[in-house]
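Architecture at a glance
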Amino acid sequence: MFIPLKTSAQIAIMQKGGRILANILSTLGKEAKAGITTGYLNKKADELFTLYKAEPSFKGYRGFPASICASVNDEVVHGIPGDRILCEGDLLTIDCGVYYQGWHTDSAITVPIGICNVEIISFMKTAEKALASAIKIARPGIPLGDISAIIEKTVHEKGYSVVHDLTGHGIGEKLHEPPQIPNFGKKGSGPILKPGMTLAIEPIITMGKRFVETKSDNWTVVTKDGSLACQVEHTIAVTERGAEILTKNL
Ligand code: MG
Ligand code: MG
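Description of the structure in this document. Every value quoted in this text rests on a predicted model; they were computed, and no experiment measured them.

Now for the pairing of strand β5 (residues 103-112). Of all ten residues that make up β5, eight are buried, and the element is covered over most of its length. In this structure, strand β4 (residues 91-100) lies alongside β5, joined through ten bridges in antiparallel fashion. Looking at β5, one finds that Tyr99 is bridged to His104. Connecting β4 to the antiparallel partner β5 that follows it, the hairpin turn spans two residues, and Gln101 within it adopts a positive phi of roughly 50°.

Right, here's the structure in full:
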């Protein structure tokens, strides 16, 4: 499997784009309240893309019609923003990609709308913990399967499921590059991480069973059993020092 390696200069550009993305997501996270629509968040994202002189990676990607994916409750990924009104207690995942000076970065956050019950918060925190534990172990010399395995373990320990049909991925000049990064797998398997790899790691988890289906809009993926789902994601660079998160604020 050919996994493109990036120079430190190229990673530095991705980091600039990644910081823009972090700013966009933190703004959208604060804007996400009961009573507003997911379409409003997309409009807000577009204003920020203009402000930061960056382009949305998702808009037009295989025909996707918006700059963010907004997935609510049982929607797993690829929710199309529109006139859906967010309600108190909803769980919203906002996924966004930035294309900046020729390079993509990809990140997602999950935010509770208003006050959610503790079980929902614990579910959301489990996805965040899975991502953090994967990033913590990512360094040159470890097999990719270790990342998959630690995500799966962190999620299963809490009794939740990981979706098998949707994966993380390499990222760079293209939004999706090799390797695929499943959220389940065997420790010790897969390609060995090397400095210069840039990876979008994205635990995608459900409160019930792991099975998903695509709705008739051909985009929105939902859980088959109607259980809650969420996704969190960062783009990282593998460096000699370990993993550097590119999609975070300074
Ligand atoms: Mg994403
Ligand atoms: Mg991604």
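With that settled, the discussion passes to the coordination of the magnesium ion (ligand 2). The magnesium ion (ligand 2) binds to the protein through Asp106 (OD), His169 (NE2), Glu202 (OE) and Glu233 (OE), with metal-donor distances spanning 2.1 to 2.2 Å. Within one chain, the residues serving as donors to the magnesium ion (ligand 2) are arranged as D-x62-H-x32-E-x30-E. Between the magnesium ion (ligand 2) and the magnesium ion (ligand 1), a spacing of 3.2 Å is present, and a bridge between the two is formed by Asp106. Of the two residues, Asp106 sits in strand β5 while His169 sits in strand β7 (residues 168-170), which places them 63 residues apart along the sequence. On the basis of relative accessibility, which here comes to 3%, the residue Asp106 falls in the buried class.

Bringing the side chain of Asp146 into the picture now. Inspection of the secondary structure assignment puts Asp146 in helix α4 (residues 144-157). No salt bridge is formed by the buried Asp146, whose closest oppositely charged neighbour, Lys187, lies at an N-O distance of 5.1 Å. Side-chain polar atoms of Asp146 contact the backbone nitrogen of Gly188, separated by 2.6 Å. For Asp146, the residues in contact, after removing those within four places along its chain, are Ile137, Lys186, Lys187 and Gly188.

Its boundaries defined by the atoms lining it, the largest pocket holds a volume of some 550 Å³. The wall of the largest pocket is formed by 23 residues, among which Tyr61, Arg62, His78, Thr167 and His176 lie closest to the centre. Those elements that provide at least two residues to the lining of the largest pocket are β7 and β8 (177-181). A per-class count over the lining of the largest pocket returns nine nonpolar, seven polar and seven charged. Within this model, the second largest pocket holds a volume of roughly 240 Å³. Secondary-structure elements contributing two or more residues to the lining of the second largest pocket are α1 (8-31), β5 and α3 (118-137). Examining the composition of the lining of the second largest pocket, we find that five residues originate from one element, β5, more than from any other. Looking at the lining of the second largest pocket residue by residue, the classes come out as seven nonpolar, six polar and three charged.

Rules used in this analysis
- Residues numbered from 1 in each chain as written.
- Chains lettered and ligands numbered in written order.
- Predicted model: local features only at pLDDT ≥ 70, side-chain atom pairs only at ≥ 80, totals over all residues.
- Heavy atoms only, no water.
- Buried < 20%, exposed > 50% of the residue type's maximum accessible area, 1.4 Å probe, protein only.
- Helix = DSSP H or I, 4+ residues; strand = E, 2+ residues; numbered from the N terminus.
- Pairing = 2+ DSSP bridges.
- Donors = N, O, S within 2.8 Å, 3.2 Å for Na, K, Ca; no water.
- Lys, Arg positive; Asp, Glu negative; His and termini not counted.
- Salt bridge = Lys/Arg side-chain N within 4 Å of Asp/Glu carboxyl O.
- Polar contact = N/O pair within 3.5 Å; in protein donor to acceptor, adjacent residues only side chain to side chain.
- Contact = heavy atoms within 4.5 Å.
- 1 Å grid on protein atoms, 1.4 Å probe; cavity = no way out; pocket = protein on both sides within 12 Å on 5 of 7 lines; lining within 4 Å.
- Points joined across faces, edges and corners; volume = space filled by probe spheres on them.
- Nonpolar A, V, L, I, M, F, W, Y, C, P; charged D, E, K, R; others polar.

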